[in-house]
Amino acid sequence: MKNEIEMRALGRRAFLQISVLAAAALPAIAFADDDLGMAMILRDPAAPVTGNPMGNLTVVTFLDYNCPWCKKTAVPMREAVSKDGGVRLVYKDWPIITKDSVDGARLALAAKYQGRYDSVHEALMAIKTPKVKVDEMRDVVRNTDGVDFARLQDDLAKHETEISALLKRNDDQARSLGLRGTPAFIVGKYLVPGAIQSADEFTDLFAKARQQG
């Protein structure tokens with residue numbers, strides 16, 4: 001996506017956009033009390049959570065392991081979250097760029113069952129190859145410290161239904177929000193589609209979100 005941040009305030013029951021045109025384009029399903037509702041988007045029990053699970057600010061990130069802007073965003077986001085100490089960070093794997101993106105998301109989500117999602121996520125984000133293939137992803141994950149790759153493969157097969165359901169749910173949620181690509185973020189009451197490339201920008205967003213309550 002373009003290196004451009006468009007901030008849109010989120011209301012209690014509706015996502016209140018800066019422009020009237022954008023507000024009119026929001027689908028009603030985004031407000032439903034189900035898998036597409038805000039409660040599930042923010043607190044899906046199957047979604048990986050890092051940072052401070054008890055933090056006073058929830059940040060949701062939609063990502064793809066073949067998205068170059070996601071990779072540019074990953075490190076400054078991690079730095080800002082670590083420095084803040086009060087951010088609950090929710091990952092939404094949304095593999096929409098290539099088929100290999102889907103395989104990468106599955107690897108990361110399978111690692112969650114051994115408590116290594118964050119390690120695998122960081123390793124996959126660090127790959128510099130454009131449109132990386134699944135074989136390279138597998139090699140990187142296999143060599144990630146602390147990852148039992150044999151167990152990961154077993155978990156991938158054992159939890160295939162749950163992983164597929166989560167990816168489908170993430171896709172439905174992203175589309176209900178009107179997202180057109182990755183990366184995208186929910187920061188408190190703000191929806192931010194586009195890359196954020198510095199820790200300071202994230203820190204500023206955290207402060208603005210807290211001010212909104």
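Residues numbered from 1 in each chain as written. Predicted model: local features only at pLDDT ≥ 70, side-chain atom pairs only at ≥ 80, totals over all residues. Heavy atoms only, no water.

Remarks on helix 6 (residues 134–142)
Thinking step 1. The set of residues buried in helix 6 consists of Val134, Met137 and Val141. Burial along helix 6 is one-sided: seen end-on, the buried residues are contained in an arc of 55°.
Thinking step 2. In this structure, the buried residues of helix 6 make contact with helix 4 (99–111), helix 5 (117–125) and helix 7 (149–158). (Buried < 20%, exposed > 50% of the residue type's maximum accessible area, 1.4 Å probe, protein only. Helix = DSSP H or I, 4+ residues; strand = E, 2+ residues; numbered from the N terminus. Arc of directions from axis to C-beta. Contact = heavy atoms within 4.5 Å.)

Overview of unusual backbone geometry
Thinking step 1. For the bond running from Thr182 to Pro183, omega is -5°, close enough to zero to count as cis.
Thinking step 2. Topologically, Pro183 is positioned in the loop between helix 8 (160–176) and strand 5 (184–187).

Quick look at the packing of helix 3 (residues 68–84) against helix 9 (residues 199–212)
Thinking step 1. Two elements in contact, helix 3 and helix 9, have axes whose closest approach is 8 Å; the angle formed by their N-to-C orientations is 50°. In terms of their interaxial angle, helix 3 and helix 9 are classed as oblique. Crossing handedness for the pair helix 3 and helix 9: right-handed. Between helix 3 and helix 9, the residues in contact are Thr73, Pro76, Met77, Glu79, Ala80, Val81 and Asp84 and Ala199, Phe202, Thr203, Phe206 and Arg210, respectively.
Thinking step 2. Considering only residue class, the contact of helix 3 with helix 9 consists of seven nonpolar, two polar and three charged. (Axes fitted to C-alpha atoms, helices over the stretch in contact; angles between N-to-C directions. Parallel < 35°, antiparallel > 145°, perpendicular 65-115°, else oblique. Left-handed = near helix turned anticlockwise from the far one by under 90°. Nonpolar A, V, L, I, M, F, W, Y, C, P; charged D, E, K, R; others polar.)

Observations concerning the packing of aromatic side chains
What describes a pair of aromatic rings is the distance from one ring centre to the other and the angle between the planes of the rings.
Thinking step 1. Counting across every chain of the model gives four aromatic pairs.
Thinking step 2. A ring pair is formed by Phe202 and Phe206, whose centres lie 6.2 Å apart and whose planes are at 45°; its orientation type is tilted. In this pair, Phe202 and Phe206 are both assigned in helix 9, four residues apart and thus about one turn of the helix distant. The exposure classification of Phe202 matches that of Phe206, with both residues buried. (Phe/Tyr/Trp six-rings, centres within 6.5 Å; stacked < 30°, edge-to-face > 60°.)

Brief notes about the packing of helix 4 against helix 7
Thinking step 1. Across the interface, helix 4 lies against helix 7 with an axial gap of 8 Å and an inter-helix angle of 105°. Between helix 4 and helix 7, the angle falls in the class roughly perpendicular. On helix 7, the residues touching Arg106, Leu107, Ala110 and Ala111 of helix 4 are Leu152, Asp155 and Leu156.

So, empty space enclosed by the protein
Thinking step 1. With the rule as written, the count across this model stands at one cavity of 30 Å³ or more.
Thinking step 2. Estimated volume of the largest cavity: approximately 50 Å³.
Thinking step 3. If you go around the largest cavity, the residues you meet are Thr61, Leu63, Cys70, Thr73, Ala74, Met77, Tyr91, His121, Met125, Pro183 and Phe185.
Thinking step 4. Secondary-structure elements contributing two or more residues to the lining of the largest cavity are strand 3 (57–63), helix 3 and helix 5.
Thinking step 5. Sort the elements by how many residues they give to the lining of the largest cavity and helix 3 lands first, with four residues. (1 Å grid on protein atoms, 1.4 Å probe; cavity = no way out; pocket = protein on both sides within 12 Å on 5 of 7 lines; lining within 4 Å. Points joined across faces, edges and corners; volume = space filled by probe spheres on them.)

What to know about the nonpolar core
Thinking step 1. Tyr65, Leu124, Val141, Leu152, Val187 and Phe206 are the most contacted members of the largest nonpolar core, which has 44 residues in total.
Thinking step 2. The element best represented in this core is helix 4, accounting for six residues.
Thinking step 3. When residues no more than four places from it in sequence are discounted, the contact partners of Leu152 are Leu107, Ala110, Ala111, Gln114, Val141 and Val147.
Thinking step 4. Ranked by size, the runner-up nonpolar core spans 12 residues in total, among them Val60, Val90, Leu177 and Ile186. (Core = buried A, V, L, I, M, F, W, Y, C linked by side-chain atoms within 4.5 Å.)

Things to note about the confidence of the model for the chain
Thinking step 1. Per-residue confidence for the chain averages 86 on the pLDDT scale, and 85% of its residues sit at or above 70.
Thinking step 2. Overall, residues 1–7 carries pLDDT values under 50, and its contacts beyond four positions in sequence, including any with other chains, amount to 26 contacts. (pLDDT = per-residue confidence, 0-100.)

What about the side chain of Asp93?
Thinking step 1. Here Asp93 lies in strand 4 (residues 87–93).
Thinking step 2. Here the side chain of Asp93 touches Tyr117 through a polar contact of 2.8 Å, side chain to side chain.
Thinking step 3. Every residue in contact with Asp93, bar those within four places of it in the chain, is listed here: Leu63, Tyr65, Ala105, Leu109, Tyr117, Leu167 and Asn170. (Polar contact = N/O pair within 3.5 Å; in protein donor to acceptor, adjacent residues only side chain to side chain.)

What about the pairing of strand 5?
Thinking step 1. Every second residue of strand 5 is oriented toward a common face, with Ala184 and Ile186 on one face and Phe185 and Val187 on the other, all of them buried.
Thinking step 2. With four bridges connecting them, strand 3 and strand 5 associate as antiparallel partners. From the neighbouring strand, Val60 faces strand 5, where its bridge partner is Ile186.
Thinking step 3. Of the pairings in the sheet, the one linking strand 5 to strand 6 (residues 190–193) comprises four bridges and is antiparallel in character. Bridging from a neighbouring strand, Ala184 pairs with Pro193 of strand 6. (Pairing = 2+ DSSP bridges.)

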